[in-house]
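Chain by chain, the residues run as shown.
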Amino acid sequence: MKKRIITLGGMPGSGKSTTGRSLASQLGYARYSSGDFFREMAAARGISLEEMNREAERDTGIDAAIDEWVRQKGALDRIIIDSRMAFHWIPEGYNVFLALDPRTAAQRTFADAQGGLRTGQEAGTFDETYRNLLSRIESEKARYASLYGVDYTDASCYDRSVDTGSSGIEEVTAAILAGYEAWLAA
């Protein structure tokens, strides 16, 4: 059974939060972000996002808490949720993968961190940001493969894949909305 939920997956820096805000605004849906939840967990521990990711490699309770949070949101209706694993926990939603090459993702992440738009993230230089991003992707891929047997970067796990590197937010949002409306009508 389909739910009026759009999940947004993708690598760090692919535009999940920006796209989620845009979709929520256009549809009048509530928006949730597991990335925001993860950052809150890191802040509560007094550690950076990178340190929190390393903690999650040793403590499966971190992913379990996020998974439970995502599943709870999946019980709601008319929501947008950006979360790398939401496609797995909310398969009855319209699941979208936001694709972006890692170098462009690192450029976005670095610019956001320098502009104060990303809290709790280490970003002294672009090269450091790029290395951290690649390390985070590999860590998450390994954790999710081990815990759930899935590869969140495999676009075939989703209903739709959208390249956010070649399109602006308006085009990305329009493409997702068109796909969502067709999915609901099918």
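The preceding data block contains the structure.
These lines cover the structure that appears in this document, whether it is placed above or below. Every chain's residues receive numbers from 1 upward, in the order its sequence appears when written. Residue-level local features of this predicted model are given only where pLDDT is at least 70; pairs of side-chain atoms are given and counted only at 80 or more, and the full residue set underlies all totals for whole chains, interfaces and linings. Derived side-chain values reflect all non-hydrogen atoms in the structure, with water molecules and hydrogen atoms excluded from consideration.

**Description of the overall build of the chain**
Stated formally: Numbered from the N terminus, helices here are DSSP runs of H or I no shorter than four residues, and strands are runs of E no shorter than two. Using C-alpha atoms as the atom set, the radius of gyration is obtained and then compared with a globule rule of 2.2 Å times the number of residues to the power 0.38. Per-residue accessibility, obtained with a 1.4 Å probe over protein chains only, is compared with the maximum for each type, and a residue is labelled buried under 20%, exposed over 50%, and partly exposed between these values. For this analysis, residues touch if any pair of their heavy atoms sits within 4.5 Å. To be clear on the numbers: accessible area is Shrake-Rupley with a 1.4 Å probe, and residue cover counts the displayed protein chains and nothing else. All tallies of charge rest on Lys and Arg as positive and Asp and Glu as negative; His and the ends of each chain are not included. By convention, the charge on Lys lies at NZ, on Arg at CZ, on Asp at CG and on Glu at CD.
Assigned secondary structure in the chain consists of 8 helices and 5 strands. Relative to its length of 186 residues, the chain is compact, with a C-alpha radius of gyration of 16 Å against a globular reference of 16 Å. With respect to the three principal axes, the spread of C-alpha positions in the chain is 45 × 35 × 25 Å. In the chain, buried positions account for 47% of the 186 residues. Pairs at least 24 apart in sequence give 73% of the contacts found in the chain among residues at least 6 apart. Total accessible area computed for the chain in this model is approximately 8600 Å², and 50% of it derives from carbon and sulfur atoms. Across the chain, the centroid of the 22 positively charged side chains sits 3 Å from that of the 27 negatively charged ones.

**A word on helix H8 (residues 169–185)**
Spelled out, the test is: Any helix carries an expected span of 1.5 Å times its number of residues minus one.
With 17 residues, H8 extends 24 Å from end C-alpha to end C-alpha; this agrees with the ideal 24 Å at 1.5 Å per step. All of the buried residues in H8 are Val172, Thr173, Ile176, Leu177, Gly179, Tyr180 and Trp183. On its buried face, H8 sits against strand E1 (5–10), helix H1 (16–27), strand E4 (94–99) and strand E5 (160–163).

**Describing the sheet that holds strand E2 (residues 30–33)**
Rules: By definition, two strands form a pair when at least two bridges between them are found by DSSP. Here the axes come from fitting lines to C-alpha atoms, over the contacting stretch only for helices, and the angles between their N-to-C directions go from 0 to 180 degrees.
Here we have 5 strands laid out as an open sheet, ordered E2-E3-E1-E4-E5, and parallel in their pairing. Pairing within the sheet leaves two strands with one partner each, and these edge strands are E2 and E5. Averaged over all adjacent pairs, the angle separating strand axes in this sheet is 20 degrees, with direction ignored. Note: E4 against E5, 4 bridges, orientation parallel. Each bridged residue has a counterpart across the sheet, and for Ala99 the counterpart in E5 is Asp163. The sheet contacts of H1 involve E1, E2, strand E3 (79–82) and E4, and relative to E1 the element is tilted by about 165 degrees.

**A look at helix H4 (residues 60–74)**
Given 3.6 residues per turn, any residue in an α-helix points the same way as the ones three and four places further on. Selection rule: Arc definition: directions from the helix axis to the C-beta atoms. Under this definition, polar contacts are N or O atom pairs within 3.5 Å; protein pairs additionally need one hydrogen-donor-capable and one acceptor-capable atom, and for neighbouring residues in sequence, both atoms have to be side-chain atoms.
The terminal C-alpha atoms of H4, which comprises 15 residues, lie 21 Å apart, in line with the 21 Å expected from a rise of 1.5 Å per residue. Taken as a whole, H4 has its buried residues at Ile62, Asp63, Ile66, Asp67, Trp69, Val70, Lys73 and Gly74. Viewed end-on, H4 has its buried residues packed into an arc of 160 degrees, placing them on one side of the element. Two or three places before Gly61, at the opening of H4, Asp59 has a side-chain oxygen 2.9 Å from that residue's backbone nitrogen.

**A short note on unusual backbone geometry**
Of note, the phi angle at Arg78 is positive, near 60 degrees, even though the residue is not glycine. Following the sequence through the fold, Arg78 ends up in the loop between H4 and E3. Here Arg78 falls in the partly exposed class, since its relative accessible area comes to 42%.

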